[in-house]
Amino acid sequence: MKTTLEIPDSVFRRAKAVAAEEGVPLRQFVTEAVEQKLKARKTAPAEKPWLKMAGRLRHLHKETTRINRIIEKEFRRIEPEQWV
């Protein structure tokens, strides 16, 4: 299938140079690059990168709960009429 893509000049030049170094046409080089990207996406877990980081913060749950209790206690002291 033929299609038109807009590729930044610097990326195009690098891709064309690497394709020439490998001795393959640019068309083949781009096709293989897209196939590799699709394959990597298929084999990688479909999770968001930030989710890994958030999982590492699990140990802070108790501390967060403790801080929230302190904040709630202080707000009750400052604005008691809203907590009745």
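You'll find the structure just up there.
Only a predicted model underlies this, so the values are computations on that prediction, with no experimental measurement involved.

A look at the overall build of the chain
Phase 1 of the analysis: For the chain, the helix and strand inventory stands at four helices and zero strands.
Phase 2 of the analysis: Counting from the amino terminus, helix and strand elements in the chain follow one another as α-α-α-α.
Phase 3 of the analysis: For the chain, the proportion of its 84 residues judged to be buried stands at 5%.

Remarks on a negative patch on the surface
Phase 1 of the analysis: Judged by side-chain charge, Glu 21, Glu 22, Glu 32 and Glu 35 come together as a negatively charged surface patch.
Phase 2 of the analysis: Secondary structure elements with two or more residues in the negative patch: helix H1 (9-22) and helix H2 (26-43).
Phase 3 of the analysis: Examined against the element boundaries, Glu 32 turns out to sit in helix H2.

Overview of a nonpolar patch on the surface
Phase 1 of the analysis: Together, Leu 5, Ile 7, Val 11 and Phe 12 make up a nonpolar patch on the protein surface, roughly 340 Å² of accessible area in all.
Phase 2 of the analysis: Of note, Ile 7 is situated in the segment before H1.

A short note on the pattern of salt bridges
Phase 1 of the analysis: Inspection of the entire model under this criterion finds three salt bridges.
Phase 2 of the analysis: Arg 66 is paired through a salt bridge with Glu 63; the nearest N and O atoms lie 2.8 Å apart. Of this pair, Arg 66 and Glu 63 both sit in helix H4 (residues 61-78), three residues apart, which is roughly one turn of that helix.

A few points about the layout of surface pockets
Phase 1 of the analysis: Quantified by volume, the largest pocket comes out at close to 360 Å³.
Phase 2 of the analysis: Met 1, Lys 2, Thr 3, Leu 5, Ile 7, Phe 12, Leu 26, Arg 27, Val 30, Thr 31 and Val 34 together form the lining of the largest pocket.
Phase 3 of the analysis: Top contributing element to the lining of the largest pocket by residue count: H2, with five residues.
Phase 4 of the analysis: A per-class count over the lining of the largest pocket returns seven nonpolar, two polar and two charged.
Phase 5 of the analysis: In this structure, the second largest pocket spans a volume of roughly 180 Å³.
Phase 6 of the analysis: Considering the residues around the second largest pocket, the lining is formed by Leu 5, Ile 7, Val 11, Arg 14, Ala 15, Phe 29, Val 30, Ala 33 and Val 34.
Phase 7 of the analysis: Going through the elements one at a time, H1 and H2 are the ones with two or more residues in the lining of the second largest pocket.

Some details on the environment of Glu 72
Phase 1 of the analysis: Structurally, the position occupied by Glu 72 is in helix H4.
Phase 2 of the analysis: A polar side-chain atom of Glu 72 sits 2.7 Å from a polar atom in the side chain of Arg 76.

Scoring rules and cut-offs
- Residue positions are given per chain, counting from 1 as you read along its sequence in written order.
- Where totals are concerned, whole chains, interfaces and linings use all residues; where local detail is concerned, this predicted model gives features only for residues with pLDDT of at least 70, and gives and counts side-chain atom pairs only at 80 or more.
- Calculated side-chain values reflect all of the structure's heavy atoms, with hydrogen atoms and water omitted.
- Helix and strand definitions here come from DSSP, where helices need a minimum of 4 consecutive H or I residues and strands a minimum of 2 consecutive E residues; each element is numbered from the N-terminal end.
- Categorising residues by exposure relies on relative accessible area from a 1.4 Å probe, with only protein chains included: less than 20% of the type maximum marks a residue as buried, more than 50% marks it as exposed, and the intermediate range marks it as partly exposed.
- Patches in this entry comprise residues that are over 30% relatively accessible and not in a salt bridge; like charges within 9 Å are linked, as are nonpolar side chains (Val, Leu, Ile, Met, Phe, Trp, Tyr) within 5 Å.
- All accessible areas in this document rest on Shrake-Rupley with a 1.4 Å probe, and a residue is counted as covered only by the protein chains that are shown.
- In the sections that follow, a salt bridge refers to a side-chain nitrogen of Lys or Arg positioned within 4 Å of a carboxyl oxygen of Asp or Glu.
- Neither His nor the chain termini are counted; the positive set is Lys and Arg, and the negative set is Asp and Glu.
- To locate a charge, take NZ of a lysine, CZ of an arginine, CG of an aspartate or CD of a glutamate.
- Any residue with an atom within 4 Å of a point lines the site, the site being either a cavity, points on a 1 Å grid over the protein atoms alone where a 1.4 Å probe fits but cannot get out, or a pocket, an open set with protein on both sides within 12 Å along at least 5 of 7 lines.
- Grid points are joined across faces, edges and corners, and a volume is the space filled by probe spheres set on the points.
- Each residue is assigned to one of three groups, with Ala, Val, Leu, Ile, Met, Phe, Trp, Tyr, Cys and Pro labelled nonpolar, Asp, Glu, Lys and Arg labelled charged, and all others, Gly among them, labelled polar.
- Two N or O atoms form a polar contact when they lie within 3.5 Å of each other; inside protein one atom must be a possible hydrogen donor and the other a possible acceptor, and for residues adjacent in sequence the pair counts only when both atoms belong to side chains.

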